[in-house]
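Per-entry structural report
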Amino acid sequence: MLKFYYAPGACSTASHIGLEESGAKFDSQALSFATNEQKSAEYLKVNPRGRVPALVIDDGTIVENTAILDYVAGKYAPQLMPKDLVQRARAISLMAWFSNNVHPSFTHISRPERFATDTSVHDHLKAVGRENFHANLKEIDGLLAGKQWMLGDAFSVVDGYALVFYGWGKRIGLPVAELKNYTAWKDRMLARPAVKRVLEREQSVLLAA
Ligand SMILES: N[C@@H](CCC(=O)N[C@@H](CS)C(=O)NCC(=O)O)C(=O)O
């Protein structure tokens, strides 16, 4: 049996949606960031980096959304990743950009202490992070122009990942409704039963009015 570790509303929602969409059976455990459960001795045995998501399989543990999503699709739901090698490379390229650029721009807002020990620059880091994060959301909006899903006509694990950032934008009060393509796509996402189940389990801000 798979065991999935996540924190409600964190980037782990990407893998959570991938797992739920795949139809694979999995046990899940929610960790609370408020009580620093991701740093507990018990969880550090699962992921010594103290981060979510983590997926425990028979052969050990997989961390990083991109790796978990590629594994889950390959093992349980091949339709969730493109078969064509070029298209597959594009899917991985997008997820790598989410992980290397979009996510860290938000981390500058939520955890500026990770980037500078001088507290006097934290407000500046947060402001720059907010601008960069907003620019990234606008880029995702542009990528969705004329498309049903992130990769075109077919829903894929990349879509669950992209939903994380729309929710974070909403959470920090960015004008996400102005992003017409991203918002219409978000509504299509919310109409998917598996996505809805995950968002309800996580009590997501995306379900609030
Ligand atoms: N690139 C990693 C990022 C993992 C990550 O930073 N997760 C955050 C949640 S969004 C976390 O666990 N933060 C807890 C902490 O920093 O203490 C991935 O995609 O899995």
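For clarity, every value in this text was computed on a predicted model and none was experimentally measured. (Residues numbered from 1 in each chain as written. Predicted model: local features only at pLDDT ≥ 70, side-chain atom pairs only at ≥ 80, totals over all residues.)

**Concerning the sheet that holds strand β2 (residues 26-30)**
As summarised here, the arrangement of the four strands in space is β2-β1-β3-β4, forming an open sheet in which the pairing is mixed. Of all strands in the sheet, those with a lone pairing partner are β2 and β4 (60-63), marking the two edges. Taking the axes of each pair of neighbouring strands and ignoring which way they run, one obtains an average angle of 20° across the sheet. Sheet topology places strand β1 (residues 2-6) next to strand β3 (residues 54-57); three bridges connect them, and they run antiparallel. (Pairing = 2+ DSSP bridges. Helix = DSSP H or I, 4+ residues; strand = E, 2+ residues; numbered from the N terminus. Axes fitted to C-alpha atoms, helices over the stretch in contact; angles between N-to-C directions.)

**Some thoughts on the domain arrangement of the chain**
According to the domain assignment, the chain contains domain 1 (2-79) and domain 2 (81-192). On a C-alpha basis, the centres of domain 1 and domain 2 stand 19 Å from each other. If you look at the interface, domain 1 gives 14 residues, while domain 2 gives 12 residues. If you list the elements that add at least two residues to the side of domain 1 that touches domain 2, you get α1 (13-22) and α3 (65-76). Tallying contributions element by element places α3 first for the side of domain 1 that touches domain 2, with six residues. In the side of domain 1 that touches domain 2, the residues fall into six nonpolar, six polar and two charged. (Domains from an automatic or database assignment. Contact = placed C-beta atoms within 7 Å. Nonpolar A, V, L, I, M, F, W, Y, C, P; charged D, E, K, R; others polar.)

**Topic: the site of the ligand**
As a structural note, the neighbourhood of the ligand is formed by Ala 10, Cys 11, Gln 38, Gly 50, Arg 51, Val 52, Pro 53, Glu 64, Asn 65 and Ser 99. The residue inventory of the shell around the ligand, partitioned by class, reads four nonpolar, four polar and two charged. (Near = placed C-beta within 6 Å.)

**A look at the nonpolar core**
Grouped together as the largest cluster of nonpolar side chains are 49 residues, with contacts concentrated most on Leu 69, Val 158, Tyr 161, Phe 165 and Tyr 182. Top contributing element to this core by residue count: helix α6 (residues 157-171), with nine residues. Taken domain by domain, this core gets at least three of its residues from each of domain 1 (2-79) and domain 2 (81-192). Ignoring any residue separated from it by four or fewer positions in sequence, one finds Phe 165 in contact with Val 102, Leu 137 and Ile 140. (Core = buried A, V, L, I, M, F, W, Y, C linked by C-beta atoms within 7 Å. Buried ≥ 20, exposed ≤ 12 C-beta atoms within 10 Å, placed from the backbone.)

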